[in-house]
Each structure stands twice: as C-alpha cells, then as structure tokens.
Amino acid sequence: MAKLDQSNSRWQRFLDNDIVYSFFTTPGAVIAASITFIAITAAFAAPLIAPYNPFDPAQISLWDGKLPPAWSDGGSSAYLLGTDNQGRDMLSTILYGGRISILVGIAAVFLGMLLGVTLGVISGYFGGFTDTVIMRIADVQLTIPGILVAILINGIGRAALPLELREEFAIYVVIVAIGLTDWPQFARVARGATLVEAEKEYVQAAKLIGLPKITIILRHILPNTLRPVLVIATIGLALAIIAEATLSFLGQGIPPTTPSLGTLIRVGNEFLFSGLWWITLFPAIALIILVFSVNLLGDWMRDALNPKLR
Amino acid sequence: MNFLKLAKLFSVALIMATTANAENVLRWTSQGDALTMDPHSQNESPTIAFNGQIYEALVARDIEMNLVPELAESWTASPDGWTFKLRQGVTFHDGADFTAEDVVFSFNRALEESSDYKEQVKTVAKVEVIDDFTIKLVTDGANPILPNTLTNVYIMDSGWAKANGVERPQDFAAEEETFSVRNSNGTGPFMLTSRAPEELSVLTRNPNWWGNSMFPGNVDRIEYRPIKNAATRVAALLSGEVDFVLDAPLQDLKRIEATDGLTTKTVAQVRSIFFGMDQGVDELRSSNIKGKNPFRDIRVREAFNLAIDKDAIQRVVMDGLSFPTGIITPPGVLGNTPELDKQYGFDLGKAKSLMEQAGYADGFEIQLDCPNNRYNNDEKICQAAVAMLAKIGVKVNLDAIPKAQHFPKIQKRISDFYMLGWGVSTLDSHYVFSYLFDGEGSWNGIGYNNARVNEITKLIETETDIPKRTALIDEAWQIIKKEMPYLPIHHQVLGWSMKDNVDVPIAADDHLRPRYVVFK
C-alpha cells in the first residue's frame, strides 16, 4: 500500500513538474509529440510493419506498376496507397523512405550539434582571438542561405568520391553537408550559454581550486548549455529533414535505389502530368506531416524551456 | 543634311525591328545535348541530327526516309565504284567554295583512327577527283548500298580544318578537346551562332544556302535547349517556353494532345533497344564470379533473355508505345523478318533451370550500365530489368549515368552488361553487323566474334545479286538469333510534341529536319 502511495506521489511529482505540466496542458504539443513518436516508430519498424520490402527487387512485379490507391477505380486492395511506375507499394516505400529521411536528419543534427557546441563552448570559455575567429566564420556562413552551403559541400563531397563509390556514400555526404551547414546555430547558442555560466560563482570557485579547464568545461559548463541546445536541435531536426528532402528533390541527395522522402517526391514528379498523382502526393504529405509535427514540438520546447517566456 | 541622315537611320532601324519581329524562331528541347560539334567524332543519333543542320552529306534522307540529293546532285554505279556529280556554287558558312577537294578531305578524315564513321566509309578504297565537281568513290568490288551509308558522312571544308588544326576527328573516348568541338563550318541551312553545351545552342538560317528556294521550311533561328528532366520538358511546352519537344515522356502524350494549342505525332522508329552482355573477356569486372565469364555460357544468356518480361515493359513502362522484339533491327530495315522479330518469350521456370544447369543456381552479381538521358524511359527499363533478373537470383547493381559518360564505357569495352539502342540510318543490316557484330566493330562492346558473321559482313559489301545478298543477311541473323549475344528488348516508338502553329513533320529516324518545318 505504502509502495503504491509512493509511486503515486512520484507520478504526481512528475506531473507537477513545470515542463510536464506545460506539455499536458498544450494540446498542440501532445498531438505533435504523438505524431512524431508514431512517425519515428513506424519508420524504424518499417521492415516489420511495411507490407512489402520495396528494396528487394525479387518482390516487385512490373505488372502491378502504376496502380492507383486502393479506393480509386482500378486500385488493388493489396496496395493501399497504390504503386509507383516500377510496381513498388507506395505505403512501403514511404515507410522506408521516411526512415532514411529521419535517420539522415538525426545524424546531421547530431553532427552539427557536436561541432557547433564544441566550437561554441571553446569560443565562449576562452574568448579573445579564438572567439573572434570562430564567431566570424559562423557569421559569414550564416549570411549565406543554408541550402546553398549544403549544395556546395554536397557537390564537393560527391566530386571528391570516385564514381563507383558515389551512390554508396551519397547518404554520408548528405549527412556531412547538412551537419556542416547547421553548426553555426549551435555554436552561437552554446557560446551565449557558456558566457553566462562562466561568470557564475561556482565556476569561479572551480577555477580557484585549480580544476583543469577541460574538467570545468565538461562537468560544469557543458551540462548547463544543453537546455537551449536541445531546443535548437529539435527545430534543427525539422530543418535538416527539409534540407535533405530539398537536396534529394534537386537530384543531389539520396539516390533512387534507396530513396528518401525527397527522392520519392522527385521521382513521382515525373508522373504528375500523366495523372499518376499518388506517386508524388503521398510522400509529400508524409514529409509535411513529419516536419510539421517535429516543428510544433520544437516550438513548444522553446516556450517551455525558456524561463523568460513563462 | 543631318536631318536626312537621321531619317535614314530611323528607317533602317525600323526595317530591322520589323524583320526581327517576323522572325520564326523554333525553340526546341530534348533530354540530352549533341555530344560534340565535330562531324566525324561520334556516330550518335542526336549528335548527327544536330550537326546535320550545320553540315551536309553527299546524299540525305527526306521525311519518308527516301534518299535525296544533298551536296551531290546525282550518282551512278559502276562495277568498281560510284560516281557523284557535285552541286555547284555551294559555299561554306565562312565563304569558302565547296569543291571535290573537300569531299576527298572529309572521307580521309572519316577514315582516321579517332573517327566514329570508319565502318561506314571503309569500303571506299579511294576518292578519285575527276574534275572540280565530279568525284568517284572507288570501292573494293561493287558496293550496292554505298549511297545509303553516306547520309551521315558530313563534308567539311579542308581549308578551314587545316587552318584550325582539326584535320583529325576529336578522340571522344579520350575526352580530347579540339577547335571543331565547339566551332563549326558547314554548307548546311543553319549556322552555329552560339554554343554552351548542355545549356543553349543557337543556330541562324544561312542566307546563302543552296536549298533556300527549294524547301518549304521557313525557320529563321533555332534555339536548342536540352532539359534533362522529363516533367520539366513537358512543363516548358505547356507554358509556352518551347515550341517543340522531341522526346516528351510517352505517358504524357495524351495530356499534351488534350491541351489547346499543342499537338503530338507518333511514328515507329528505326531504332531497337537492347542489352549487351560482354562475352569477350575471361572474367567480368563487376561480378562475384571469378576465373570465368558466365556470359560465355549460352544458357546464361538465354536465361537472361527469358527472365526479362518484354510485354510487361511495353505495357507498364512504355505505356504500350513500343514493339517487343527478338532481333535488334526494326522492320523497314533489310534483314528484319516477322519470324526473326518474334521475341524469345518470357519463361521464368525455364530461365531458373537454365541458370541451374549452367551452375549458377544461386545466381551471381553484376553491374548494369545504363544511360539516363538517351532513350525513351531508358533508366526505367533498366530498373525493371533489375527486378526481373532478381527473380532468377541475379543481383544487378544499376549504374544509370548521362550518355556522355555511358557511351565511352561501351566503346572502350569496359562494360560487362549495358543498355544500348541502335538506329539504322542505311536501312540495311550491314550497318548493324559492321558496328555491333563484326569482331572489329567499334560499337561491338560485347566482344562478339563469329567467323561466319564476320565473313558475311564482308561479303554483303560487294554482293550485288539482291536475292543472294538477302539470303546471306538472313543467314547471319539466324546465327545471331541462335547464339543470343545481345538481349533484344523492343523497337522504339517516337512521340514528338509541338505547338500547333508550327508543322514539324515527324521522321522515323528521330532527326528534326528544319528544312521541312513550316510556321503557319
């Protein structure tokens, strides 16, 4: 009995937490989080829940190509959202494509975060010349639209690879390209937070007792910069997914053999004039829903984690 | 006085302005650009078609594919060659006169090592100048189809070529860059005014062209802008940005036809699409099978043939606009017969057991090289083939790349498994044998070498007895049909789309002929 009470009260305490309270009282956040959760689970469980494996050529039958969605005239109940021009099930390709989009997004944000936070903390902690150099580079990069930087890095990366490795490594090139585009955001936020933290008494105290700089940075400053970084990372995830889709849509990103959502939209675009709307529309809808819910979640986090807005 | 001058200037400006308005500009697009402006460097249809606006050959084909005079006015056969009467008073774009000397020069140039037209002109042993406007092409024995083979052999100005150091054709496979790659000087109806490869090429009408009063065409300027993406090409036509799309996707033709102000034309093309399987090397480069070449086993070649469902490709990928086939030469070409044209069929069970018998029950891995901006739905056909071959255990890695990088792989014989299309400009099988089957053929990327086929290729160059010659051609095709060195898919259907204020007659060789294009 007592045990139950205790767990109850723990649950109660959890619910009473500011952030959790804010979450459950913001319907938008709840919906966005649920959709994001479902999307990410569905994407990662794609091999288990997708009706077909679109990457296994042995499962594809060309005779089933260009079938409309199940509810339209000529549709087949075997393919809920219809098939593409090669006879691949649209629902399955979207699940697998979403998986690649999300993976690329997360990896790119992680890379950008790693790079940005490292440089930002160094910049903020050491100040002076180091700070000037790093921040001016960040400023310069911020003046150029992100997607252009990504296209540039992606182009250089692809050109540097030998032809036969290009397709295989395309996904990593895209991750690096988007990651390298993202870092200034993280650097600025991390630097700001570091500047604030570095002035606080406990850091001064740590310095006085002679702790090495690396310990101070890792143990005391870094954890305290993570809150704003997390907000940026969530919004950044939505942006990274869009950036990947843009690159792929332009034919610069993920190759059609392992399509992401952006690649699917590009490939489907070819069939828009001939009335095969489902090949491009469904991946587009999936992309919009995914990005929209991640963005809403990021927005809510920004509000909830920012004490000044409360 | 000053006032008079000014008035004159104004009137001149006014005249210029009105003529500029009345100019008929044909804005033309298709998926890929001409590979080079050098007329003897690449025997590739879009390159030939584009250069054919600038350069001319001795004889040409009209819209119905009949032979018609071009730089030669008439020709007569004799047992040891053909005599051509050249057109008089023709000048090159730079003003130089066209004479017999230019013909001699051009034929010698087409025989150079770096030329891609050797197979077409190598039966010409010598070009004899009889007078300034008469030449005799001396052949080793009578060549009954010589004029047919000359429609793509363009004539250059010898003086211009010497002055610019381009006496030898550009070596395309070696990525050579010469003056003639971006500059041109022909006798044709259009002059190249600007050239940005893969972007925009502008041709303007040659006011001194000999045929100006003989042909109905009234195009003053051609702007050629390649657009790789198929949907973008259609969008450009729908929005009025271009007047003529050579290769709108087949699935969009209905939509274009239904649009006000636009029209489409279709015709069976003289072009077959097929896969090549390299049998010439001891070990395939991209395969996991080491120490032997699976394609040397006819059972593997037959299994591949039976595993590809050509009817499915026709129905789904080509929207019905193709003719599945069993021979890589279309009807209309001497040598194609209904019996040969029958496809090998689709039989997965037999294909699997053939693979098993050959010792590849678990299949193998191989790379398929495919162009992505050349033929109707080229990349999509390859994708479909990947899925079909997976069903007999063959794991195909598809490498779909632009034609400018794809074709050298075939000519250098470094591709294991590739897609190619072959149009037959001469309408005679000799053209197919000499390029694709002869052991020395420059587009024989599969290393096929059959003594009898080689012999027949040689024999039909000089055999003048038509029934005997036809029988020889048939014999060669029977051998090929049995040995299956290539994997035939289908003959293409052409679909041209245009605005309905311009009449662009469609030709079965997919060559635009602006001399017949009339703006209404």
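Each remark here, short or long, concerns the structure printed above.
Nothing here was measured: the structure is a model prediction, and the numbers come from that model.

About the thresholds
For every chain, the first residue of the written sequence is number 1, and numbering continues from 1 onward in sequence order. Written order decides the labels, with chains lettered from A and ligands numbered from 1. Thresholds applied to this predicted model are a pLDDT of at least 70 for local features of residues and 80 or more for the giving and counting of side-chain atom pairs; totals over whole chains, interfaces and linings are not thresholded and use all residues. Side-chain measures were taken over the full set of non-hydrogen atoms in the model, leaving aside hydrogen atoms and water. Helix and strand definitions follow DSSP, with helices as H or I runs of at least four residues and strands as E runs of at least two, each counted in order from the N terminus. Atoms counted for the radius of gyration: C-alpha only. Globule rule: 2.2 Å times residue count to the power 0.38. Think of it in three bands: with a 1.4 Å probe and only protein chains considered, a residue is buried below 20% of the maximum accessible area for its type, exposed above 50%, and partly exposed in between. Residue contacts are defined here by distance: any two heavy atoms, one from each residue, within 4.5 Å place the two residues in contact. Note on areas: Shrake-Rupley, 1.4 Å probe, and residue coverage restricted to the protein chains presented here. Counting rule for charge: Lys and Arg are taken as positive, Asp and Glu as negative, and neither His nor the chain ends is counted. To locate a charge, take NZ of a lysine, CZ of an arginine, CG of an aspartate or CD of a glutamate. Polar contacts, as counted here, are pairs of nitrogen or oxygen atoms within 3.5 Å of one another; within protein the pair requires one atom able to donate a hydrogen and one able to accept it, and residues that are adjacent in sequence qualify only if both atoms are side-chain atoms. The term buried area refers to how much accessible surface (probe radius 1.4 Å) is lost by two components on association, counted for both of them together. Salt bridges are counted wherever a side-chain nitrogen of Lys or Arg sits within 4 Å of a carboxyl oxygen of Asp or Glu. Residues were grouped as follows: Ala, Val, Leu, Ile, Met, Phe, Trp, Tyr, Cys and Pro as nonpolar; Asp, Glu, Lys and Arg as charged; and all remaining residues, including Gly, as polar. A 1.4 Å probe that fits into a set of points on a 1 Å grid over the protein atoms alone but cannot get out defines a cavity; an open set with protein on both sides within 12 Å along at least five of seven lines defines a pocket, and lining residues are those with an atom within 4 Å of a point. Grid points are joined across faces, edges and corners, and a volume is the space filled by probe spheres set on the points. Only Phe, Tyr and Trp rings take part, Trp by its six-membered ring, and two of them pair if their centres are within 6.5 Å. Stacked means planes under 30 degrees apart, edge-to-face means over 60, and tilted covers everything else. Counted as over-ring charges are cases with an Arg CZ or a Lys NZ within 6 Å of the ring centre that also lie within 35 degrees of the ring normal. Note on geometry: axes are C-alpha line fits, over the in-contact stretch for helices, and angles between N-to-C directions span 0 to 180 degrees. Left-handed is the label given to a crossing in which the near helix is rotated counterclockwise from the far helix by less than a right angle, and right-handed is the label when the rotation is clockwise. In what follows, a disulfide is any cysteine sulfur pair within 2.5 Å. For patch detection, residues must exceed 30% relative accessible area and be free of salt bridges, and they are connected within 9 Å for like charges or within 5 Å for nonpolar side chains (Val, Leu, Ile, Met, Phe, Trp, Tyr).

A.B. asks: Explain the overall build of chain B residue by residue, including any values.
C.D. replies: Helix and strand content of chain B: 18 helices and 19 strands. Rg of the C-alpha trace for chain B: 24 Å, near the compact-globule value of 24 Å for 520 residues, within the 12% margin. Here the C-alpha coordinates of chain B stretch approximately 95 × 55 × 40 Å along the principal axes. Residue burial in chain B is summarised as follows: out of 520 residues, 61% are buried.

A.B. asks: Please give an account of the overall build of chain A that cites residues and values.
C.D. replies: Along its length, chain A carries 12 helices and 0 strands. Along chain A, helices (α) and strands (β) appear in the sequence α-α-α-α-α-α-α-α-α-α-α-α when read from the amino end. When its C-alpha atoms are laid out on the principal axes, chain A stretches across 75 × 65 × 30 Å. Residue burial in chain A is summarised as follows: out of 310 residues, 43% are buried. A separation threshold of at least 6 residues defines the contact pool for chain A, and within that pool the share at least 24 residues apart is 68%. Summed over all atoms, the accessible surface of chain A reaches about 15,800 Å², with 68% contributed by carbon and sulfur. Both charge centroids of chain A, one from 20 positive and one from 21 negative side chains, sit 10 Å from each other.

A.B. asks: Outline the side chain of A:Lys66, listing residues and values.
C.D. replies: Checked against the element boundaries, A:Lys66 lands in the loop between α4 (46-49) and α5 (90-126). Taking relative accessible area as the criterion, A:Lys66 reaches 15% and is therefore assigned buried. A distance of 2.7 Å separates the side chain of A:Lys66 from the backbone oxygen of B:Val316, its partner in a polar contact. In contact with A:Lys66, other than residues within four places in its own chain, are A:Thr83, A:Asp84, A:Asn85, A:Phe271, A:Leu276, A:Trp278, B:Val316, B:Val317 and B:Asp319.

A.B. asks: Provide a residue-level description of the interface of chain A and chain B, including the pertinent values.
C.D. replies: Accessible area lost on assembly of the parts is the figure often given for the size of an interface. Facing 16 residues of chain A, the contacting portion of chain B comprises 24 residues. Taken over both partners, the interface formed by chain A and chain B buries close to 1,900 Å², and the fraction arising from carbon and sulfur atoms is 61%. For the pair chain A and chain B, the interface holds 2 salt bridges. Residue A:Glu270 pairs with B:Lys380 through a salt bridge whose shortest N-O separation is 2.5 Å. At the boundary of chain A and chain B, one finds 9 residue pairs in polar contact (both at pLDDT 80 or more). Partitioned by chemical class, the residues of the side of chain A that touches chain B number 7 nonpolar, 6 polar and 3 charged.

A.B. asks: Before we move on, could you go through the layout of surface pockets and cite the residues and values that matter?
C.D. replies: Residues and elements named next belong to chain B. One number sums up the size of the second largest pocket: a volume of about 670 Å³. Lining the second largest pocket are 28 residues, and of these Leu35, Phe172, Glu175, Ala404 and Gln405 lie nearest its centre. Ranked by the residues each element gives to the lining of the second largest pocket, the list is headed by helix α15 (residues 403-411), at 5 residues. Among the residues forming the lining of the second largest pocket, the class breakdown is 12 nonpolar, 5 polar and 11 charged.

A.B. asks: Summarise the packing of aromatic side chains; cite the residues concerned and give the values.
C.D. replies: Taken as a whole and assessed by the stated rule, the structure comprises 39 aromatic pairs over all chains. Consider the rings of A:Phe169 and A:Tyr172, whose centres lie 5.9 Å apart with planes at 55 degrees: the pair is tilted. Pair noted here: A:Phe169 and A:Tyr172 are both in helix α8 (residues 163-198), with a separation of 3 residues, about one helical turn. Consider the rings of B:Tyr360 and B:Phe364, whose centres lie 5.3 Å apart with planes at 70 degrees: the pair is edge-to-face. Connected via pairs of aromatic rings, a cluster forms that spans B:Phe274, B:Phe433, B:Phe437, B:Tyr448, B:Trp477 and B:Tyr486. The positively charged end of B:Lys481 is found above the aromatic ring belonging to B:Tyr344, 4.8 Å away from the centroid. Here the guanidinium or amino end of B:Arg515 rests over the ring plane of B:Phe215, the centre of that ring lying 5.4 Å away.

A.B. asks: Outline the pattern of salt bridges, supporting the account with residue identities and numerical values.
C.D. replies: Throughout the structure, instances matching the rule amount to 39 salt bridges over all chains. Among the salt bridges present, the one from B:Lys265 reaches B:Asp503, with a minimum N-O distance of 2.9 Å. With B:Lys265 in strand β12 (residues 262-277) and B:Asp503 in strand β18 (residues 502-503), this residue pair connects regions lying 238 residues apart in the sequence. Connected via shared salt-bridge partners are A:Arg136, A:Asp139 and A:Arg188.

A.B. asks: Give a description of the packing of helix α10 (residues 213-249) of chain A against helix α11 (residues 261-269) of chain A that names residues and reports values.
C.D. replies: Residue and element names in this part refer to chain A. Packing of α10 against α11 leaves a shortest axis separation of 7 Å and a crossing angle of 35 degrees. The two elements α10 and α11 cross, and the hand of that crossing is right-handed. From α10, Ala245, Ser248 and Phe249 reach across to α11, where they touch Gly262, Thr263, Ile265, Arg266 and Asn269. Partitioned by chemical class, the residues of the contact of α10 with α11 number 3 nonpolar, 4 polar and 1 charged.

A.B. asks: Just give me the short version of the state of the cysteines, but keep the residues and values in it.
C.D. replies: Residue and element names in this part refer to chain B. Counted by the stated rule, this structure contains 1 disulfide over all chains. The side chain of Cys370 participates in a disulfide bridge whose partner is Cys382; the two sulfur atoms lie 2.2 Å from each other. Measuring handedness by torsion sign, the sulfur bridge of Cys370 and Cys382 sits at about 90 degrees and is right-handed. Taken as a pair, Cys370 in strand β14 (residues 365-371) and Cys382 in helix α14 (residues 378-390) lie far apart in primary sequence, 12 residues in all. Accessibility assignment for this pair places Cys370 and Cys382 in one class, buried.

A.B. asks: Summarise unusual backbone geometry; cite the residues concerned and give the values.
C.D. replies: All names here are of chain B. Within the chain, Met65 stands out as a residue other than glycine whose phi angle is a positive 75 degrees. When you line up the elements, Met65 lands in the loop between β2 (59-61) and β3 (67-69). One non-glycine residue with positive phi stands out, namely Glu175, at about 55 degrees. Note that Glu175 resides in the loop between α6 (158-163) and α7 (179-182).

A.B. asks: Residue-level account of a nonpolar patch on the surface, with values.
C.D. replies: All names here are of chain A. Taken together, the side chains of Ile31, Ile35, Trp71, Leu80, Leu272, Trp277, Leu281, Ile285 and Ile289 define a hydrophobic patch exposed on the protein surface, amounting to about 820 Å² of accessible area. Contributing elements (two or more residues each) for the nonpolar patch: α3 (27-44) and α12 (278-305). Examining the composition of the nonpolar patch, we find that 3 residues originate from one element, α12, more than from any other. Within the element layout of this structure, Leu272 appears in the loop between α11 and α12. A relative accessible area of 42% means that Leu272 is categorised as partly exposed.

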